[in-house]
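# Overview (structure and organization)
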Amino acid sequence: MRKHSLLLIGLVLGLTTFGQDFNGWKTLSKVTIEKRFDETLNFEIDYPTFSDEVKKLDGKVIELEGWMIPLEELQGESYFVLSSLPFANCFFCGGAGPETVAEVFAKEKIKFTEKRIKVRGKLKINADDPLKLMYILQEAEIVD
């Protein structure tokens, strides 16, 4: 009986540890950025090269915590940008790199908040479309 209990405890701890090992933003930071001049847009664009670890997440459901970027025209809609950093330090303010933000397409409308939130969605990595962010969460929902 004692062996079975120890095995069960070990299994539960192992599963818990596995679930906690994934740090979304830390993993997504494993990308290199190369600036290239885009003749169509007529300025330099960041082009990502994703690590194998990031590539394995493409199409998988992940969770990310962060702050909604307060874009006036998008508040309260089913689309917003999530930043790993507060607004004052985010990518759009020049305080971080493009790997710290993700476009979020939610299943339902999400009310804007200034508080940190957690979202779950299917990750799409984008290396080719300079008009979109390199990380896109589809079918996203708030996680309590």
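As a starting point, this report considers the structure included with it. (Residues numbered from 1 in each chain as written. Predicted model: local features only at pLDDT ≥ 70, side-chain atom pairs only at ≥ 80, totals over all residues. Heavy atoms only, no water.)

## Points about the overall build of the chain
Which entries qualify depends on this criterion: Under the scheme used here, helices are H or I runs from DSSP no shorter than 4 residues and strands are E runs no shorter than 2 residues, and both carry numbers assigned from the N terminus. Note on contacts: a residue pair qualifies if any of its non-hydrogen atoms lie within 4.5 Å across the two residues. Surface accessibility in these figures is a Shrake-Rupley result with a 1.4 Å probe; residues are shielded only by whichever protein chains are displayed.
Secondary structure summary: the chain contains 3 helices and 7 strands in total. Moving toward the C terminus, one meets the helices and strands of the chain in the order α-α-β-β-α-β-β-β-β-β. At a minimum sequence separation of 6, the contacts of the chain that also span at least 24 residues come to 59%. Working note: accessible area of the chain is about 9,600 Å², and carbon and sulfur atoms make up 54% of it.

## Topic: the sheet that holds strand E6 (residues 117–125)
Counted only if it meets this: Should DSSP find at least two bridges between two strands, the strands are taken to pair. Interaxial angles span 0 to 180 degrees and are taken between N-to-C directions of axes, which are lines fitted to C-alpha atoms, for helices over the stretch in contact.
The 5 strands are arranged E3-E4-E5-E7-E6 in a closed barrel whose pairing can be described as mixed. Sheet twist, expressed as the average angle between the axes of neighbouring strands with direction ignored, equals 50 degrees.

## Digging into the environment of Glu44
If you trace the backbone, Glu44 turns up in strand E2 (residues 43–50). Separated by 10 residues in sequence, Glu44 and Glu34 have C-alpha atoms that sit 9.6 Å apart. Excluding anything up to four places from it in sequence, Glu44 contacts Lys35, Arg36 and Phe37.

## A closer look at the packing of aromatic side chains
Note the cut-off: Think of it this way: a Phe, Tyr or Trp ring, Trp meaning its six-membered ring, pairs with another when their centres are within 6.5 Å, and the plane angle makes it stacked under 30 degrees, edge-to-face over 60, tilted otherwise. Type-normalised accessible area, obtained with a 1.4 Å probe on protein chains alone, sets the label of each residue: buried when under 20%, exposed when over 50%, and partly exposed for intermediate values.
This structure, assessed with the given rule, holds 2 aromatic pairs. Residues Phe50 and Tyr135 carry aromatic rings whose centres are separated by 5.6 Å and whose planes lie at 50 degrees to one another, so their mutual orientation is tilted. Highlighted residues: Phe50 in strand E2 and Tyr135 in strand E7 (residues 135–142), separated in sequence by 85 residues. The pair Phe50 / Tyr135 is uniform in exposure class, with both members buried.

## Quick word on the pairing of strand E1 (residues 31–38)
Direction of pairing for E1 relative to E2: antiparallel, over a ladder of 8 bridges. For Lys35, the partnering residue across the bridge sits in E2 and is Asp46. The antiparallel pairing of E1 with E2 creates a hairpin that spans 4 residues between the two strands, and Asn42 there sits at a positive phi of about 65 degrees.

## Considering the pattern of salt bridges
Selection rule: By definition, a salt bridge exists where a carboxyl oxygen of Asp or Glu is found within 4 Å of a side-chain nitrogen of Lys or Arg.
Summed over all chains, the structure comprises 10 salt bridges. A salt bridge links Lys118 to Glu63; the nearest nitrogen and oxygen atoms lie 3.7 Å apart. With Lys118 in strand E6 and Glu63 in strand E3 (residues 61–68), this pair connects stretches of sequence that are 55 residues apart. A relative accessible area of 26% places Lys118 in the partly exposed class. Overall, Glu63 belongs to the partly exposed group, its relative accessible area being 30%. By sharing partners, the salt bridges in this structure join Glu63, Glu65, Lys107, Arg116, Lys118, Arg120 and Glu141 into a single network.

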